[in-house]
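Letter by letter, the chains look like this.
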Amino acid sequence: MDVLVLNADLGPLHRVSLRHAVRMLVRRVAEVHESRPDTQIGVWPVPTVVRLVTYVVTRWRHSRGPAWSRAGVLVRDGRRCAYCGGHASTIDHVLPRSRGGRNSWANTVAACGACNQRKGDRTPSEARMPLRFRPVAPTWAALAR
């Protein structure tokens, strides 16, 4: 059973296990906000929602998106090749790494093995392989879907 953790301003933060929530109650880091009726763990009712006693700053969750990763690129592109639309199993650098291309959201796309091999060390325009979409940095919500 998961327990929702609310910030002190009642904004949702994340979910934790029941065991973790009880530890938060014991340490007096959180208070029971909602609970199951007529069930208890020790002196506390079994929580379904706990609220933190002090406010936790969460600017980091909204200021930056997720860090770049190969798996993240495949998820962002729905495992579809950016060149032919087929099933993608690799990533391709739009500006090849040999020419100074970086591992970044805007420079990488998902690609099938055949298209990745065919494009080689060229840009999409040099290889006459136009991209089906422009790569952009995803949000946390987009990657969670």
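These numbers come from a predicted model, not from an experiment.

## Side note on the overall build of the protein chain
Then, number 1: The helix and strand tally for the protein chain stands at 5 helices and 6 strands.
Then, number 2: For the protein chain, the α and β elements follow one another from N to C terminus as β-β-α-β-β-α-α-β-β-α-α.
Then, number 3: Over its C-alpha atoms the protein chain spans a radius of gyration of 23 Å, topping by over 25% the 15 Å that the globule rule assigns to 145 residues.
Then, number 4: Taking the principal axes of the C-alpha coordinates as reference, the protein chain spans close to 70 × 25 × 20 Å.
Then, number 5: When burial is assessed residue by residue, the protein chain has 33% of its 145 residues classed as buried.

## Notes on the confidence of the model for the protein chain
Then, number 1: Scored by pLDDT, the protein chain comes out at a mean of 91, with 94% of its residues at no less than 70.
Then, number 2: Across the protein chain, the element-wise mean pLDDT spans from 60 in helix α2 (residues 59-63) up to 97 in strand β6 (residues 108-111).

## Remarks on the environment of W44
Then, number 1: The residue W44 is located in strand β4 (residues 44-52) in this model.
Then, number 2: With residues near it in sequence (within four places) discarded, W44 still touches L25, V26, V32 and T39.

## Considerations on the side chain of R76
Then, number 1: Structurally, R76 can be placed in helix α3 (residues 70-76).
Then, number 2: Among the polar contacts made by the side chain of R76, one reaches the side chain of D77 at a distance of 2.7 Å.
Then, number 3: Here T108 takes part through its backbone oxygen, which lies 2.6 Å from a polar atom of the side chain of R76.
Then, number 4: With sequence-adjacent residues up to four places away left out, R76 is seen in contact with W105, T108, V109, P135, V136, P138 and L143.

## Things to note about the pattern of salt bridges
Then, number 1: Considering all chains together, one arrives at 4 salt bridges under this definition.
Then, number 2: Note that R76 is salt-bridged to D77, the shortest N-O span being 2.7 Å.

## A few points about unusual backbone geometry
Then, number 1: For R28, which is not a glycine, the phi torsion comes out positive at approximately 60°.
Then, number 2: When you line up the elements, R28 lands in the loop between α1 (18-26) and β3 (30-41).
Then, number 3: Unlike most non-glycine residues, D38 shows phi in positive territory, near 60°.
Then, number 4: Its location among the elements puts D38 in strand β3.

## Observations concerning the pairing of strand β2 (residues 12-17)
Then, number 1: Bridge count between strand β1 (residues 2-6) and β2: 5 bridges; the pairing is antiparallel. Residue pairing across strands places V5 opposite H14, the latter belonging to β2.
Then, number 2: Connecting β1 to the next strand, β2, in antiparallel fashion are 5 residues, including L10 with a positive phi near 70°.

The rules we used
- Residues numbered from 1 in each chain as written.
- Predicted model: local features only at pLDDT ≥ 70, side-chain atom pairs only at ≥ 80, totals over all residues.
- Heavy atoms only, no water.
- Helix = DSSP H or I, 4+ residues; strand = E, 2+ residues; numbered from the N terminus.
- Rg over C-alpha atoms; globule rule 2.2 N^0.38 Å.
- Buried < 20%, exposed > 50% of the residue type's maximum accessible area, 1.4 Å probe, protein only.
- pLDDT = per-residue confidence, 0-100.
- Contact = heavy atoms within 4.5 Å.
- Polar contact = N/O pair within 3.5 Å; in protein donor to acceptor, adjacent residues only side chain to side chain.
- Salt bridge = Lys/Arg side-chain N within 4 Å of Asp/Glu carboxyl O.
- Pairing = 2+ DSSP bridges.

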